[in-house]
2 protein chains.
Amino acid sequence: MSRDDRAPVAGPSGDAPPNLGILLRAPFQEVVRRISAELAEAGFDDLRPAHTAVFQHIAPDGSRLTDLAERAQITKQSMGYLVDYLEQRGYLERRPDPSDRRAALICLTDRGWAQIHAALAIIHTVESEWTRALGKQRMRQLRELLTELGQITG
Amino acid sequence: MSRDDRAPVAGPSGDAPPNLGILLRAPFQEVVRRISAELAEAGFDDLRPAHTAVFQHIAPDGSRLTDLAERAQITKQSMGYLVDYLEQRGYLERRPDPSDRRAALICLTDRGWAQIHAALAIIHTVESEWTRALGKQRMRQLRELLTELGQITG
DNA sequence: TCCATCTCGTCAGTATCTCTGACTACCAGT
DNA sequence: ACTGGTAGTCAGAGATACTGACGAGATGGA
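Along each chain, residues carry numbers from 1 onward, in the same order as the chain's sequence is written. Starting at A for chains and at 1 for ligands, labels are handed out in the order in which the entities are written. Totals for whole chains, interfaces and linings use every residue, but because this is a predicted model, local features are given only for residues with pLDDT of at least 70 and side-chain atom pairs only at 80 or more, for both listing and counting. For the side-chain quantities, the full set of heavy atoms in the structure was used; hydrogens and water were omitted.

We call two residues in contact when some of their heavy atoms are within 4.5 Å. Listed by partner, the interface residues are 56 residues for chain A and 56 residues for chain B. The term salt bridge refers to a pairing of a side-chain nitrogen on Lys or Arg with a carboxyl oxygen on Asp or Glu at a separation within 4 Å. Linking chain A to chain B there are two salt bridges. Of the charged contacts, one joins Glu 148 of chain A and Arg 138 of chain B as a salt bridge, the two residues approaching to 2.1 Å between their closest N and O atoms. Distance and chemistry together define a polar contact, namely a pair of N or O atoms within 3.5 Å, with one atom able to donate a hydrogen and the other to accept it when in protein, and with adjacent residues in sequence counting only for side-chain atoms on both sides. Joining chain A to chain B, the criterion identifies six residue pairs in polar contact (both at pLDDT 80 or more). Of the residues forming the side of chain A that touches chain B, the biggest block, 13 residues, is contributed by helix α1 (residues 20–41) of chain A. Residues are grouped as follows: Ala, Val, Leu, Ile, Met, Phe, Trp, Tyr, Cys and Pro are nonpolar; Asp, Glu, Lys and Arg are charged; every other residue, Gly included, is polar. Its residues placed into classes, the side of chain A that touches chain B shows 34 nonpolar, 11 polar and 11 charged. Counting from the N terminus, the helices are the DSSP runs of H or I reaching at least four residues and the strands are the DSSP runs of E reaching at least two.

Attention now moves to the relation of the copies chain A and chain B. Residues reaching a pLDDT of at least 70 in both copies supply the C-alpha atoms on which the copies are superposed by least squares. Superposition record for chain A on chain B: RMSD 0.1 Å, screw rotation 180°, translation along axis 0.0 Å. This pairing of chains is accounted for by a two-fold axis.

Further remarks concern the protein's contact with DNA strand C. Surrounding DNA strand C, one finds 24 residues, the nearest of these being Thr 66, Lys 76 and Arg 102 of chain A together with Arg 48 and Gln 77 of chain B. We call a residue near a given molecule or strand whenever any one of its heavy atoms falls within 4 Å of it. Counting only the atoms of DNA strand C within 4 Å of the protein, the fraction contributed by sugar and phosphate is 64%. The contact in question runs from a phosphate oxygen of DNA strand C to an N or O atom on the backbone of Thr 75 of chain B, over 2.9 Å. Note that a base oxygen of DNA strand C is positioned 2.5 Å from one of the side-chain N or O atoms of Gln 77 of chain B. When residues of the surface near DNA strand C are traced back to their parent elements, those giving at least two are α3 (65–72) and α4 (76–88) of chain A together with α4 (76–88) of chain B. It is α4 of chain B that provides the largest number of residues to the surface near DNA strand C, a total of four residues.

Residue and element names in this part refer to chain A. Within the element layout of this structure, Thr 109 appears in the loop between β3 (104–108) and α5 (110–134). With relative accessibility at 17%, the residue Thr 109 sits in the buried group. Engagement of the side chain of Thr 109 in a polar contact is seen with the backbone oxygen of Tyr 91, the distance being 3.0 Å. Once residues lying within four places of it in the same chain are set aside, the contact partners of Thr 109 are Gly 90, Tyr 91, Leu 92 and Glu 93. Residue exposure (1.4 Å probe, protein chains only): buried if accessible area is under 20% of the type maximum, exposed if over 50%, otherwise partly exposed.

Around DNA strand D, a shell composed of 23 residues is seen, among which Arg 48 and Gln 77 of chain A together with Thr 66, Lys 76 and Arg 102 of chain B lie nearest. Counting only atoms of DNA strand D within 4 Å of the protein, the fraction found in sugar and phosphate groups is 64%. Interatomic distance of 2.9 Å between a side-chain N/O atom of Ser 78 of chain A and a phosphate oxygen of DNA strand D. Between DNA strand D and Lys 76 of chain B, the relevant distance is 2.4 Å, taken from a base nitrogen to a side-chain nitrogen or oxygen of the residue. Secondary structure elements with two or more residues in the surface near DNA strand D: α4 of chain A together with α3 (65–72) and α4 of chain B. It is α4 of chain A that contributes the most residues to the surface near DNA strand D, four residues altogether. Residue composition of the surface near DNA strand D, by class: eight nonpolar, six polar and nine charged.

Remark on secondary structure: sheet strands pair via backbone hydrogen bonds, oriented parallel or antiparallel. Residue and element names in this part refer to chain A. One requirement defines pairing of two strands: DSSP has to find at least two bridges between them. One open sheet holds the three strands; their spatial order is β1-β3-β2, and the pairing between them is antiparallel. The sheet terminates laterally at β1 (63–64) and β2 (92–96), the two strands that pair on one side only. Taken together, the two bridges between β1 and β3 define a ladder with antiparallel strand orientation. When the bridges of β3 are listed, Arg 64 appears paired with Leu 105.

Next up on the list: the nonpolar core. Here, nonpolar core means buried Ala, Val, Leu, Ile, Met, Phe, Trp, Tyr and Cys residues that are tied together by side-chain atoms lying within 4.5 Å of each other. Core analysis: the largest hydrophobic core is formed by 80 residues, its most contacted members being Leu 92 and Leu 142 of chain A together with Leu 92 and Leu 142 of chain B. Beyond its immediate sequence surroundings of up to four residues, Leu 92 of chain B is in contact with Val 54, Ile 58, Val 83, Leu 86, Glu 87, Ile 106, Cys 107, Leu 108 and Thr 109 of chain B.

Bringing the packing of α1 of chain A against helix α6 (residues 136–152) of chain B into the picture now. Orientation of α1 of chain A relative to α6 of chain B, taken along the N-to-C sense of each, is 45°, at an axis distance of 9 Å. On the basis of their axis angle, the class for α1 of chain A and α6 of chain B is oblique. With respect to the hand of their crossing, α1 of chain A and α6 of chain B are arranged in left-handed fashion. Together, Leu 20, Leu 23, Leu 24 and Pro 27 of chain A of α1 of chain A and Met 139, Arg 143, Leu 146, Thr 147 and Leu 149 of chain B of α6 of chain B make up the contact between the two elements. To obtain each axis, a line is fitted to C-alpha atoms, and for helices this fit is confined to the stretch in contact; angles are then taken between N-to-C directions over 0 to 180 degrees. Angles are sorted into four bins: roughly parallel if under 35 degrees, roughly antiparallel if over 145, roughly perpendicular if 65 to 115, and oblique for all others. It is the rotation of the near helix from the far one that decides the hand of a crossing: anticlockwise by less than a right angle makes it left-handed, clockwise makes it right-handed.

Listed below in structure tokens is the structure:
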């Protein structure tokens, strides 16, 4: 269990051709920024970056804390901290797991679902903007190349 | 002054076509992971993710704390915290700025330069691997598309 | 059945990295 | 010299991660 999302990516000030790390970081962070800003505007202003780790990995019919932690690559203690916060604000609820009395099923509430739909809509908007700027053809290429890269890197 | 590197990027478990946020994140984090792991192997095992913000923005002939902070998009107090750490471990040194007695020039030491060269070499290795897997042609396309995207998003 | 062992989640404590606010020392224009 | 702005630090706090230890419940044999 461990994790590392942060981190700029090295290179002294004054590079001529930006390296791939930097090239990838710019659009990635643009997406993150947009989601964060526009979710806040949409009324989800009590969400912080770390909470995305929960929403991204939770199953539609509920997940166990341990599963969430493993998928998000953080400890279950850390995941517990995030889930507590989101439960208090009404995004999630814990239900007893009928098949194991030690466990709880962490489920999205209506508000939780609303947040997910809002976030997906924001991403879709960004993709549309990029498609308009880049052209449909080049956007498809980009998507293909990134998909391949994702397979290469596991 | 603020900053946000972290954060997965939304979407409930069970998406069919991964959105661009996720598509960009995978290779970006692969680069970050590789740099972190291989720098540690190379003897730079006292560096943590946040320190990249310093190395990435420092000018070859030295930078002021305030400049570093602004380029890295964090407060000068936060940058001060990182610089203190790196100075203690011999990656940086503070020299009095001859043109302003309030200021200090933060400069790379030999060890600091060695770290930068090592990090760039690692990125170069990763790029080579990807080029081998993707082909020279497609790698060039990817680089062009990401460069364009970087210009679009500012 | 009973016991050893494993798993689920939590409690407690700590490290890292960020922030805000307040402050000193210094610079620059009037 | 005053006045306002800038460079950097000190102090305190909050968010997000970690490790270690633990209790309750599950589970598979003896």
